[in-house]
Amino acid sequence: MKNKIKPFDVINTIILSLLMLICLYPFLYVVFASFSEPWELVKHKGLLIGPLGFSLSGYKAVLSNRSILTGYITTLINLFAGTSINIVLTLLAAYAVSRKDFMLKKPIVIMIVFTMFFNSGIIPRFLVVKSLGLYDSRLSMILPTAINVFNLVIMRTAIEALPDSLEEAALLEGANDFDILFRIVMPLIKSTIAVLVLYYGVAHWNQWYQALMYVQSRDKYPLQLVLREILIGNSTESMAAGGVDSSGESAVIGEVIKYATIVVSTLPILTIYPMLQKHFVKGVMVGAVKG
């Protein structure tokens, strides 16, 4: 007997499809606006169901802007270097606090979790960064957030979920802690590591507040801080005046430049996410049903 289509499934599909469109439309609006003719976009009111005409003037202005290019380079450096440091330190710390025979395990875990709920505040952090000589350096955007406590807890839970027999067998074969960590533990928690790479990577890609506090040189600004200046500081007129618009209507092109800048700054992270998506659910669910 063939399965009949239930009314609940139909209604559920319609509701979820509408929710998907509601969540997706703001991004589609930005994409459509970035490819629109400047004058047509300024005159248009209401929803966009496609580009108004076709123009690449916004992207030409964005890609020819030196601040955005240097911001991209800085963000990529922070992304790869920072994420690598994050994963290595988080993995080492999680492995240490997951050992059952670790004598100081409980007080160290309490101190680590304490920092998750109570932080020192902006001024003490600024004074520490400055006293360590990290002020106005790229390391000021990497080292102060080298380990995220929430991610550390996820990593520790994944390690603790592994069978103890694996470690016992490795110890009988003469393996030390580094052998157990890098040859046994790491291959078995690849999904969790992939999820944390995504978490740390997105955090570095969207980073602007730390740069605003600790970085003074404009050539070290990350992409998101440059984007903030463009969107809030109304610097799109100066970008448009650099030969993109011969009629001098820089304020009109400025609207298209804002949308093009958003697309350029979010596209890389949107292309990376699908590669890690298959690990996402498995990684975040580790330990969720552990008794």
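What you see is a predicted model, and the numbers here were worked out from it, not measured in a lab.

A. Inspection of the overall build of the chain at higher detail. Across its full length, the chain holds 14 helices and zero strands. In the chain, the succession of helices and strands from N to C terminus is α-α-α-α-α-α-α-α-α-α-α-α-α-α. Considering the chain as a whole, with its 291 residues, one finds that 36% of them fall into the buried category. In the chain, the share of contacts with a sequence separation of at least 24, taken over all contacts with a separation of at least 6, comes to 73%. With the model as given, the accessible surface of the chain reaches about 17700 Å², and the carbon-plus-sulfur share is 68%.

B. The arrangement of helix H10 (residues 190-205) in detail. Taking 1.5 Å per residue as the helical rise, H10 with its 16 residues ought to reach 22 Å, and the 22 Å between its terminal C-alpha atoms agrees with that figure. Where H10 is concerned, the buried positions are Ser 191, Thr 192, Ile 193, Ala 194, Val 195, Leu 196, Leu 198, Tyr 200, Gly 201, His 204 and Trp 205.

C. Region of interest: the environment of Tyr 273. When you line up the elements, Tyr 273 lands in helix H14 (residues 250-284). Judged by relative accessible area, Tyr 273 falls into the partly exposed class, the value being 33%. A sequence separation of 71 residues divides Tyr 273 from Val 202, and the C-alpha atoms of the two residues are 9.5 Å apart.

D. Spatial organisation of the environment of Ser 57. Positionally, Ser 57 belongs in helix H3 (residues 57-63). Between the C-alpha atom of Ser 57 and that of Ser 36, which follows or precedes it by 21 residues, the distance is 9.0 Å. There is a polar contact of 3.0 Å between the side chain of Ser 57 and the side chain of Ser 55.

E. Highlighting the packing of helix H8 (residues 164-172) against helix H9 (residues 177-188). Two numbers describe how H8 lies on H9: the axes approach to 11 Å, and their chain directions differ by 155°. Compared by their axis directions, H8 and H9 come out roughly antiparallel. Between H8 and H9 lies a crossing whose hand is right-handed. Note on element contacts: H9 touches H8 through Ile 180, Ile 184 and Leu 188, opposite Leu 166, Glu 167, Ala 170 and Leu 171. Of the residues that constitute the contact of H8 with H9, the class distribution is six nonpolar, no polar and one charged.

F. Structural detail: the nonpolar core. Counting 30 residues, the largest nonpolar core has Leu 41, Leu 48, Val 62, Ile 68, Tyr 72 and Trp 205 as its most contacted members. It is H14 that provides the largest number of residues to this core, a total of eight residues. Those residues in contact with Trp 205, other than ones at most four positions away along the chain, are Tyr 72, Thr 75, Leu 76, Leu 79, Leu 223, Gln 224, Ser 265, Pro 268 and Ile 269. Formed by 18 residues, the second largest nonpolar core is a distinct cluster that contains Ile 87, Leu 162, Leu 181 and Leu 196.

G. Representation of the confidence of the model for the chain. With 86% of its residues at a pLDDT of 70 or more, the chain has an overall mean of 82. Mean pLDDT per element in the chain: helix H13 (residues 236-240) is the minimum at 55, and helix H4 (residues 66-97) is the maximum at 91. A low-confidence stretch, residues 243-248 (pLDDT under 50), is modelled with seven contacts involving residues beyond four sequence positions or located in other chains.

H. Up close: unusual backbone geometry. Positive phi outside glycine occurs at Asp 136, with the angle close to 60°. Note on placement: Asp 136 falls in the loop between helix H6 (122-131) and helix H7 (149-160). Classification of Asp 136 by relative accessible area gives buried; the value is 19%.

I. Geometry of a nonpolar patch on the surface. Taken together, the side chains of Ile 5, Val 10, Ile 11, Ile 14, Ile 15, Leu 16, Leu 18, Leu 19, Met 20, Leu 21 and Ile 22 define a hydrophobic patch exposed on the protein surface, amounting to about 1100 Å² of accessible area. Checked against the element boundaries, Val 10 lands in helix H1 (residues 7-34). You can call Val 10 partly exposed: its relative accessible area is 38%.

J. Quick peek at the pattern of salt bridges. Under the counting rule described, the total for this entry stands at four salt bridges. Residues Arg 99 and Glu 167 are paired through a salt bridge, measuring 2.6 Å at the closest nitrogen-oxygen approach. Of the two residues, Arg 99 is situated in the loop between H4 and helix H5 (105-117) and Glu 167 in helix H8; the sequence distance between them amounts to 68 residues. Owing to a relative accessible area of 13%, Arg 99 belongs among the buried residues under this scheme. Lys 105 serves as the salt-bridge partner of Glu 160, at 3.6 Å between the closest nitrogen and oxygen.

K. Structural view of the packing of aromatic side chains. Under the criterion given, the structure shown has 10 aromatic pairs. Taking 4.9 Å as the distance between ring centres and 35° as the angle between the ring planes, the aromatic pair formed by Phe 35 and Tyr 59 counts as tilted. Of this pair, Phe 35 sits in the loop between H1 and helix H2 (38-43) while Tyr 59 is found in helix H3, placing the two residues 24 residues apart along the sequence. Considering the side-chain rings of Tyr 72 and Trp 205, the 5.8 Å spacing of their centres and the 65° angle between planes classify their relative orientation as edge-to-face. With Tyr 72 in helix H4 and Trp 205 in helix H10, this pair connects stretches of sequence that are 133 residues apart.

What counts, and at which threshold
Residues numbered from 1 in each chain as written. Predicted model: local features only at pLDDT ≥ 70, side-chain atom pairs only at ≥ 80, totals over all residues. Heavy atoms only, no water. Helix = DSSP H or I, 4+ residues; strand = E, 2+ residues; numbered from the N terminus. Buried < 20%, exposed > 50% of the residue type's maximum accessible area, 1.4 Å probe, protein only. Contact = heavy atoms within 4.5 Å. Areas by Shrake-Rupley, 256 points an atom, 1.4 Å probe, with all protein chains shown as cover. Expected span 1.5 Å × (residues − 1). Polar contact = N/O pair within 3.5 Å; in protein donor to acceptor, adjacent residues only side chain to side chain. Axes fitted to C-alpha atoms, helices over the stretch in contact; angles between N-to-C directions. Parallel < 35°, antiparallel > 145°, perpendicular 65-115°, else oblique. Left-handed = near helix turned anticlockwise from the far one by under 90°. Nonpolar A, V, L, I, M, F, W, Y, C, P; charged D, E, K, R; others polar. Core = buried A, V, L, I, M, F, W, Y, C linked by side-chain atoms within 4.5 Å. pLDDT = per-residue confidence, 0-100. Patch = residues over 30% accessible without salt bridge, like charges linked within 9 Å, V, L, I, M, F, W, Y side chains within 5 Å. Salt bridge = Lys/Arg side-chain N within 4 Å of Asp/Glu carboxyl O. Phe/Tyr/Trp six-rings, centres within 6.5 Å; stacked < 30°, edge-to-face > 60°.

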